[in-house]
Structure formats: C-alpha cells, structure tokens
Amino acid sequence: MTVFIARPLPGTVGESRRVVHVFPLPAEGLAPERLTAYCGATFVRGELELLERPVGMPCVTCLRLAPAPGDADRQAIER
C-alpha cells in the first residue's frame, strides 16, 4: 500500500493540531473531495500541505495505524 504525508495548512486548524498525518494514496490517482487519515481525521481538498518528508510533530495515531514498510510483502508471504 502506498501512503503520503500531509499536515493542515496554517489557519485551517489551531497550531497545536497542525500535526503530520499519514493518508492512504487514493486509487488510480483520483483526487477525492475528502481525504481521511489513518487516525480518522478528515480534510477537504485545499486544507492540506503535502510533504515530501516528515517535518514537525507527527500524529501518533496515524503512525501506529499506518502500514509499515514491507507489510504488504510479509502479508503476501504469509498467505
């Protein structure tokens, strides 16, 4: 599974809530109107700053729930 990281733009949430969330990459490059992070936080298009690398405070719940690198490979082997 491919994921991307983003955080809310300044002014869309309080500064203490501008944490870096992990999102599943939408299928086939579609840009849905709403994006939901692994932690359940939802955002509409235009509220997020896409990040090339993690910066700032991470969302701990997203980190805990997002697939780890190699998870898909391990699951395929276990089947």
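The sections below set out a description of the structure shown in this document. (Residues numbered from 1 in each chain as written. Predicted model: local features only at pLDDT ≥ 70, side-chain atom pairs only at ≥ 80, totals over all residues. Heavy atoms only, no water.)

**Focus on the side chain of Arg7**
Then step 1. When you line up the elements, Arg7 lands in strand β1 (residues 3-8).
Then step 2. When sequence neighbours within four positions are dropped, the list of residues in contact with Arg7 reads Arg18, Val19, Val20, Glu47, Leu48, Glu49, Leu51, Val55 and Gly56. (Helix = DSSP H or I, 4+ residues; strand = E, 2+ residues; numbered from the N terminus. Contact = heavy atoms within 4.5 Å.)

**Remarks on the pattern of salt bridges**
Then step 1. Counted under the stated rule, the structure contains four salt bridges.
Then step 2. The salt bridge partner of Glu49 is Arg7, with a shortest N-O separation of 2.9 Å. Of this pair, Glu49 sits in strand β5 (residues 48-51) while Arg7 sits in strand β1; the two residues are 42 residues apart in sequence, bridging distant segments of the chain.
Then step 3. Accessibility expressed as a relative area gives 17% for Arg7, which makes it buried. (Salt bridge = Lys/Arg side-chain N within 4 Å of Asp/Glu carboxyl O. Buried < 20%, exposed > 50% of the residue type's maximum accessible area, 1.4 Å probe, protein only.)

**Some details on the nonpolar core**
Then step 1. Of all hydrophobic cores here, the largest spans 16 residues; its most connected members are Val22, Phe23, Leu48 and Cys62.
Then step 2. Those elements giving two or more residues to this core turn out to be β1, β2 (21-24) and β5.
Then step 3. For this core, the leading source of residues is β1, giving three residues.
Then step 4. For Val22, the contacting residues outside a window of four places in its chain are Val3, Phe4, Ile5, Ala37, Tyr38, Cys62, Leu63 and Ala66. (Core = buried A, V, L, I, M, F, W, Y, C linked by side-chain atoms within 4.5 Å.)

**Topic: the environment of Val3**
Then step 1. In this fold, Val3 is placed in strand β1.
Then step 2. Expressed as a C-alpha distance, the spacing of Val3 and Leu25, which sit 22 residues apart in the sequence, is 4.9 Å.

**Considering the packing of aromatic side chains**
Then step 1. Here the structure, examined in full by the defined rule, presents two aromatic pairs.
Then step 2. Relative to Phe23, the ring of Phe4 lies with its centre 5.1 Å away and its plane at 15 degrees, an arrangement referred to as stacked. One end of the pair, Phe4, is in strand β1; the other, Phe23, is in strand β2, and 19 residues separate them in sequence. Neither residue differs from the other here; Phe4 and Phe23 are each classed as buried.
Then step 3. Considering the side-chain rings of Phe23 and Phe43, the 6.1 Å spacing of their centres and the 65 degrees angle between planes classify their relative orientation as edge-to-face. One end of the pair, Phe23, is in strand β2; the other, Phe43, is in strand β4 (residues 42-44), with 20 residues separating them in the sequence.
Then step 4. Taken together, the ring pairs in this structure connect Phe4, Phe23 and Phe43 into an aromatic cluster. (Phe/Tyr/Trp six-rings, centres within 6.5 Å; stacked < 30°, edge-to-face > 60°.)

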